[in-house]
Amino acid sequence: LPLFPLLLAGASRLFGEGIVTLRVMTGALGALSVLLLYVLVRTMSRGRGEWLSLLAALVLAIHPNAVAYSRLGFSYNLLTPLLLTVCVLAWSYLEHGRHRRLAVAGLIVGLGTISDLSMSTVLLPLLIIASTRGWRAIMSLVVASMVLPLVYAGYMLSTVPNAFVFDLQFIASRLSTIPAIAQFPVAVLSFAGLMTMDPWFLPAMIGVFLLTPLRALWFLLLLFILPILSIARTVTGLPFRAYH
(Lines give C-alpha, C1' and ligand atoms only; values in the text may rest on other atoms or scores of the structure.)
Protein backbone atom coordinates (compact mmCIF):
# COMPACT_ATOMS: atom_id res chain seq x y z
CA LEU A 1 0.00 0.00 0.00
CA PRO A 2 1.35 3.40 -1.05
CA LEU A 3 0.99 6.02 1.69
CA PHE A 4 4.09 5.32 3.79
CA PRO A 5 6.39 4.76 0.76
CA LEU A 6 5.11 8.01 -0.78
CA LEU A 7 5.90 9.93 2.41
CA LEU A 8 9.33 8.33 2.53
CA ALA A 9 9.93 9.19 -1.13
CA GLY A 10 9.09 12.81 -0.38
CA ALA A 11 11.42 12.86 2.64
CA SER A 12 14.18 11.22 0.57
CA ARG A 13 13.84 13.86 -2.14
CA LEU A 14 14.20 16.61 0.46
CA PHE A 15 16.89 15.11 2.69
CA GLY A 16 18.52 12.39 0.58
CA GLU A 17 18.09 8.64 0.46
CA GLY A 18 19.38 6.46 3.26
CA ILE A 19 18.63 4.83 6.59
CA VAL A 20 19.09 8.14 8.43
CA THR A 21 16.21 9.75 6.52
CA LEU A 22 14.00 6.74 7.21
CA ARG A 23 14.79 6.70 10.93
CA VAL A 24 14.35 10.44 11.32
CA MET A 25 10.94 10.18 9.66
CA THR A 26 9.71 7.33 11.86
CA GLY A 27 11.26 8.99 14.91
CA ALA A 28 9.37 12.19 14.07
CA LEU A 29 6.16 10.16 13.83
CA GLY A 30 6.93 8.77 17.29
CA ALA A 31 7.45 12.28 18.69
CA LEU A 32 4.20 13.40 17.06
CA SER A 33 2.44 10.46 18.73
CA VAL A 34 3.67 11.63 22.14
CA LEU A 35 2.24 15.09 21.49
CA LEU A 36 -1.07 13.68 20.24
CA LEU A 37 -1.38 11.41 23.28
CA TYR A 38 -0.98 14.49 25.49
CA VAL A 39 -3.72 16.25 23.49
CA LEU A 40 -6.02 13.22 23.73
CA VAL A 41 -5.69 12.81 27.50
CA ARG A 42 -6.08 16.55 28.05
CA THR A 43 -9.16 16.60 25.81
CA MET A 44 -10.72 13.63 27.61
CA SER A 45 -10.06 15.23 31.01
CA ARG A 46 -11.58 18.51 29.72
CA GLY A 47 -8.40 20.41 30.53
CA ARG A 48 -8.45 19.45 34.22
CA GLY A 49 -5.96 16.59 34.03
CA GLU A 50 -2.72 18.39 33.19
CA TRP A 51 -0.62 16.07 35.36
CA LEU A 52 -2.25 12.98 33.84
CA SER A 53 -1.73 14.33 30.30
CA LEU A 54 1.95 14.96 30.97
CA LEU A 55 2.38 11.58 32.66
CA ALA A 56 0.79 9.71 29.74
CA ALA A 57 3.01 11.55 27.25
CA LEU A 58 6.10 10.90 29.39
CA VAL A 59 5.38 7.17 29.65
CA LEU A 60 5.02 6.85 25.88
CA ALA A 61 8.16 8.95 25.32
CA ILE A 62 10.32 6.63 27.47
CA HIS A 63 8.55 3.33 26.78
CA PRO A 64 11.46 1.09 25.64
CA ASN A 65 9.56 -0.82 22.96
CA ALA A 66 7.96 2.35 21.58
CA VAL A 67 11.35 4.06 21.40
CA ALA A 68 12.99 1.08 19.73
CA TYR A 69 10.10 0.52 17.31
CA SER A 70 10.15 4.16 16.19
CA ARG A 71 13.74 3.61 15.00
CA LEU A 72 12.61 0.84 12.65
CA GLY A 73 11.41 1.64 9.15
CA PHE A 74 7.96 0.10 9.50
CA SER A 75 4.86 1.69 8.04
CA TYR A 76 3.02 0.88 11.29
CA ASN A 77 4.74 3.90 12.84
CA LEU A 78 2.41 6.05 10.76
CA LEU A 79 -0.71 4.43 12.21
CA THR A 80 -0.11 5.57 15.80
CA PRO A 81 -0.48 9.33 15.14
CA LEU A 82 -3.38 8.63 12.78
CA LEU A 83 -5.16 6.52 15.41
CA LEU A 84 -4.60 9.12 18.13
CA THR A 85 -5.97 11.85 15.85
CA VAL A 86 -9.05 9.71 15.20
CA CYS A 87 -9.48 9.29 18.97
CA VAL A 88 -9.32 13.06 19.58
CA LEU A 89 -11.97 13.64 16.90
CA ALA A 90 -14.18 10.78 18.11
CA TRP A 91 -14.12 12.01 21.72
CA SER A 92 -14.88 15.55 20.57
CA TYR A 93 -17.80 14.15 18.56
CA LEU A 94 -19.16 12.39 21.65
CA GLU A 95 -18.88 15.60 23.63
CA HIS A 96 -20.31 18.02 21.05
CA GLY A 97 -22.17 15.88 18.50
CA ARG A 98 -20.74 17.59 15.41
CA HIS A 99 -20.95 15.23 12.43
CA ARG A 100 -18.11 16.98 10.61
CA ARG A 101 -15.62 15.74 13.21
CA LEU A 102 -16.84 12.18 12.80
CA ALA A 103 -16.55 12.51 9.01
CA VAL A 104 -12.96 13.76 9.33
CA ALA A 105 -12.21 10.80 11.61
CA GLY A 106 -13.59 8.54 8.87
CA LEU A 107 -11.38 10.21 6.26
CA ILE A 108 -8.33 9.58 8.46
CA VAL A 109 -9.30 5.92 8.86
CA GLY A 110 -9.49 5.68 5.07
CA LEU A 111 -6.12 7.42 4.78
CA GLY A 112 -4.56 4.97 7.23
CA THR A 113 -6.09 2.04 5.37
CA ILE A 114 -4.09 2.91 2.24
CA SER A 115 -0.98 2.64 4.40
CA ASP A 116 -1.87 -0.56 6.32
CA LEU A 117 -5.07 -2.56 6.19
CA SER A 118 -4.98 -3.01 9.98
CA MET A 119 -6.20 0.61 10.26
CA SER A 120 -9.57 -0.58 8.95
CA THR A 121 -10.20 -2.29 12.31
CA VAL A 122 -10.77 1.19 13.79
CA LEU A 123 -13.91 1.58 11.67
CA LEU A 124 -15.95 -0.86 13.80
CA PRO A 125 -15.62 1.09 17.08
CA LEU A 126 -16.34 4.32 15.22
CA LEU A 127 -19.51 2.74 13.82
CA ILE A 128 -20.56 1.80 17.34
CA ILE A 129 -19.99 5.41 18.45
CA ALA A 130 -21.88 6.74 15.41
CA SER A 131 -24.81 4.39 16.09
CA THR A 132 -25.56 6.32 19.29
CA ARG A 133 -26.51 9.32 17.12
CA GLY A 134 -28.57 7.64 14.38
CA TRP A 135 -28.31 6.69 10.71
CA ARG A 136 -27.13 10.09 9.51
CA ALA A 137 -23.97 9.77 11.58
CA ILE A 138 -23.40 6.19 10.41
CA MET A 139 -23.76 7.10 6.73
CA SER A 140 -21.50 10.13 7.11
CA LEU A 141 -18.81 7.96 8.68
CA VAL A 142 -19.07 5.13 6.15
CA VAL A 143 -18.97 7.43 3.11
CA ALA A 144 -16.01 9.42 4.48
CA SER A 145 -14.02 6.29 5.37
CA MET A 146 -14.47 4.78 1.89
CA VAL A 147 -13.52 7.80 -0.24
CA LEU A 148 -9.72 7.40 -0.26
CA PRO A 149 -9.63 3.54 -0.39
CA LEU A 150 -12.05 3.63 -3.34
CA VAL A 151 -9.96 6.24 -5.14
CA TYR A 152 -6.89 4.08 -4.61
CA ALA A 153 -8.69 0.90 -5.71
CA GLY A 154 -10.04 2.64 -8.82
CA TYR A 155 -6.59 3.90 -9.75
CA MET A 156 -5.03 0.46 -9.28
CA LEU A 157 -7.76 -1.30 -11.24
CA SER A 158 -7.34 1.14 -14.10
CA THR A 159 -3.54 0.89 -14.21
CA VAL A 160 -2.44 -2.55 -12.93
CA PRO A 161 -5.61 -4.62 -12.52
CA ASN A 162 -3.87 -8.01 -12.48
CA ALA A 163 -1.52 -7.03 -9.66
CA PHE A 164 -4.36 -5.48 -7.66
CA VAL A 165 -6.60 -8.56 -7.98
CA PHE A 166 -3.67 -10.81 -7.06
CA ASP A 167 -3.07 -8.75 -3.91
CA LEU A 168 -6.74 -8.94 -2.95
CA GLN A 169 -6.71 -12.71 -3.34
CA PHE A 170 -3.53 -12.97 -1.27
CA ILE A 171 -5.00 -10.84 1.52
CA ALA A 172 -8.19 -12.92 1.54
CA SER A 173 -6.17 -16.14 1.78
CA ARG A 174 -4.14 -14.78 4.72
CA LEU A 175 -7.23 -13.67 6.62
CA SER A 176 -8.90 -17.05 6.14
CA THR A 177 -5.89 -19.09 7.27
CA ILE A 178 -7.17 -19.37 10.86
CA PRO A 179 -10.68 -20.94 11.02
CA ALA A 180 -13.37 -18.98 12.84
CA ILE A 181 -13.61 -21.53 15.67
CA ALA A 182 -9.91 -21.03 16.47
CA GLN A 183 -9.84 -17.23 16.30
CA PHE A 184 -10.81 -16.61 19.94
CA PRO A 185 -8.07 -18.90 21.33
CA VAL A 186 -5.59 -17.28 18.95
CA ALA A 187 -6.61 -13.84 20.22
CA VAL A 188 -6.10 -14.99 23.82
CA LEU A 189 -2.66 -16.37 23.00
CA SER A 190 -1.74 -13.13 21.24
CA PHE A 191 -2.68 -11.17 24.35
CA ALA A 192 -0.58 -13.55 26.43
CA GLY A 193 2.28 -12.92 24.01
CA LEU A 194 1.94 -9.18 24.64
CA MET A 195 2.25 -9.80 28.38
CA THR A 196 5.50 -11.73 27.98
CA MET A 197 6.87 -9.41 25.30
CA ASP A 198 6.24 -6.17 27.16
CA PRO A 199 6.01 -5.99 30.99
CA TRP A 200 4.48 -2.50 30.63
CA PHE A 201 1.37 -3.93 28.97
CA LEU A 202 -0.27 -5.46 32.07
CA PRO A 203 -0.13 -2.29 34.21
CA ALA A 204 -1.44 -0.37 31.20
CA MET A 205 -4.44 -2.68 30.98
CA ILE A 206 -5.09 -2.33 34.71
CA GLY A 207 -4.91 1.45 34.32
CA VAL A 208 -7.54 1.40 31.57
CA PHE A 209 -10.05 -0.26 33.92
CA LEU A 210 -9.34 2.30 36.64
CA LEU A 211 -10.28 5.23 34.41
CA THR A 212 -13.06 7.63 35.30
CA PRO A 213 -15.57 8.71 34.14
CA LEU A 214 -17.11 5.49 32.84
CA ARG A 215 -17.42 6.99 29.36
CA ALA A 216 -13.61 7.23 29.17
CA LEU A 217 -13.29 3.53 30.05
CA TRP A 218 -15.73 2.43 27.38
CA PHE A 219 -14.18 4.80 24.84
CA LEU A 220 -10.72 3.28 25.26
CA LEU A 221 -12.08 -0.27 25.27
CA LEU A 222 -13.75 0.48 21.94
CA LEU A 223 -10.93 2.34 20.20
CA PHE A 224 -7.90 0.45 21.52
CA ILE A 225 -8.91 -2.98 22.81
CA LEU A 226 -11.47 -3.82 20.11
CA PRO A 227 -9.03 -3.17 17.22
CA ILE A 228 -6.35 -5.23 19.01
CA LEU A 229 -8.82 -8.12 19.35
CA SER A 230 -9.86 -7.76 15.70
CA ILE A 231 -6.25 -8.05 14.58
CA ALA A 232 -5.32 -10.76 17.08
CA ARG A 233 -8.09 -13.05 15.77
CA THR A 234 -6.28 -13.65 12.51
CA VAL A 235 -2.68 -12.56 13.11
CA THR A 236 -0.46 -14.30 15.61
CA GLY A 237 1.88 -11.96 17.48
CA LEU A 238 5.66 -12.39 17.49
CA PRO A 239 7.99 -11.37 20.31
CA PHE A 240 9.55 -7.96 19.73
CA ARG A 241 13.03 -9.48 19.98
CA ALA A 242 12.40 -11.04 16.56
CA TYR A 243 13.04 -7.57 15.09
CA HIS A 244 16.33 -6.93 16.95
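Located above this text is the structure these notes cover.
Before going into details, it helps to say that this report is about the structure given with it. Because the structure is a prediction, the values reported are computed rather than measured.

**Re the packing of aromatic side chains**
- Using the criterion set out here, one finds three aromatic pairs in the structure.
- Here the aromatic rings of Trp-91 and Phe-219 are separated by 5.1 Å at their centres, their planes lie at 80°, and the arrangement is edge-to-face. Of the two residues, Trp-91 sits in helix H5 (residues 76-96) while Phe-219 sits in helix H12 (residues 214-232), which places them 128 residues apart along the sequence. The burial state of Trp-91 is the same as that of Phe-219; both residues are buried.
- The lysine or arginine in question, Arg-133, covers the ring of Tyr-93, its NZ or CZ lying 5.1 Å from the ring centre.

**Remarks on the nonpolar core**
- The biggest cluster of nonpolar side chains holds 53 residues, and the ones touching the most others in it are Val-86, Val-122, Leu-126, Ile-129, Phe-219 and Leu-223.
- Every element with two or more residues in this core is listed here: helix H1 (3-15), helix H2 (19-44), H5, helix H6 (99-113), helix H7 (123-131), helix H8 (135-159), helix H11 (201-209) and H12.
- By residue number, the principal contributor to this core is H5, which donates 13 residues.
- Aside from chain neighbours lying at most four places away, what touches Leu-223 is Leu-83, Cys-87, Ala-90, Val-122, Pro-125, Leu-126 and Ile-129.

Reading the values: rules and limits
Residues numbered from 1 in each chain as written. Predicted model: local features only at pLDDT ≥ 70, side-chain atom pairs only at ≥ 80, totals over all residues. Heavy atoms only, no water. Phe/Tyr/Trp six-rings, centres within 6.5 Å; stacked < 30°, edge-to-face > 60°. Helix = DSSP H or I, 4+ residues; strand = E, 2+ residues; numbered from the N terminus. Buried < 20%, exposed > 50% of the residue type's maximum accessible area, 1.4 Å probe, protein only. Lys NZ or Arg CZ within 6 Å of the ring centre and 35° of its normal. Core = buried A, V, L, I, M, F, W, Y, C linked by side-chain atoms within 4.5 Å. Contact = heavy atoms within 4.5 Å.

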